[in-house]
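# Commentary on secondary and tertiary structure
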Amino acid sequence: MMQTPAPCGYARATSVDAAIAALVEHGPGARIVAGGHSLIPMMKLRLARPDALVDINDLGAELSQIRVDGAELVLR
């Protein structure tokens, strides 16, 4: 028997700004996915049921450098 995830929304972000907008649009039930090696199996077992997935796989250039600077998260 094949297990399939519950239906959810999906947005493939083309920029960091688009990813943030999708997260705001879909609200607190949205989850970022950048591989899904742990989230997707949990969804198949229905242990995780996000309202939407925001895919950031295409943002490698924009997210190549992530660091914490004081109280801020800096993306470059």
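As the structure is a computational prediction, the values presented were derived from the model and not from experiment. Each chain has its residues counted from 1, running along the sequence as written. Residues qualify for local features only when their pLDDT is at least 70, as the model is predicted, and side-chain atom pairs are given and counted only at 80 or more; totals for whole chains, interfaces and linings, by contrast, use all residues. Hydrogens and waters are ignored; side-chain quantities use all the structure's heavy atoms.

### Remarks on the sheet that holds strand E1 (residues 9-12)
Two strands are said to pair when DSSP picks up at least two bridges between them. By the criteria applied, helices consist of DSSP H or I runs no shorter than four residues and strands consist of E runs no shorter than two, each listed in order from the N terminus. Pairing within the open sheet is parallel, and its three strands lie in the order E1-E3-E2. Edge strands, defined here as strands with exactly one partner in the open sheet, are E1 and strand E2 (30-33). Across this sheet, the average inter-strand angle for adjacent strands is 20°, counted without regard to direction. Summarising the sheet, E1 and strand E3 (residues 52-55) pair through four bridges and their orientation is parallel. The residue bridging Ala11 from the neighbouring strand is Val54, located in E3. Any two residues having at least one pair of non-hydrogen atoms within 4.5 Å are treated as being in contact. A fitted line through C-alpha atoms represents every axis, and for helices the fit uses only the stretch in contact; the resulting angles, taken between N-to-C directions, go from 0 to 180 degrees. Of the strands in this sheet, E1, E2 and E3 are in contact with helix H1 (residues 16-26), which crosses E3 at around 175°.

### Some points on the confidence of the model for the chain
Averaged over all residues, the pLDDT of the chain equals 90, while 97% of them reach at least 70. Confidence of the prediction at every residue is given by pLDDT, a number between 0 and 100. The least confident element of the chain is strand E5 (residues 72-75), whose mean pLDDT is 82; the most confident is E3, at 96.

### Examining the environment of Met42
Position of Met42 relative to the elements: it lies in helix H2 (residues 39-44). In sequence terms Met42 and Pro5 are 37 residues apart; their C-alpha atoms lie 8.4 Å from each other. If we ignore the near neighbours within four places in the chain, the residues touching Met42 are Leu47 and Ala48.

### Points about the pairing of E2
Relative to E3, E2 runs parallel, the two being bridged by four bridges. Along E3, the bridge assignment pairs Arg31 with Leu53. Handedness of a crossover: with both strands directed away from the viewer, a clockwise path from the first strand across the helix to the second marks it as right-handed. Note that the unit made of E2, H2 and E3 has a crossover that is right-handed.

### What about the environment of Glu25?
Within the fold, Glu25 resides in helix H1. Under the relative-accessibility criterion, Glu25 is labelled exposed at 64%. Think of it in three bands: residues with accessible area under 20% of the maximum for their type are buried, residues over 50% are exposed, and the middle band is partly exposed, with areas taken using a 1.4 Å probe on protein chains only.

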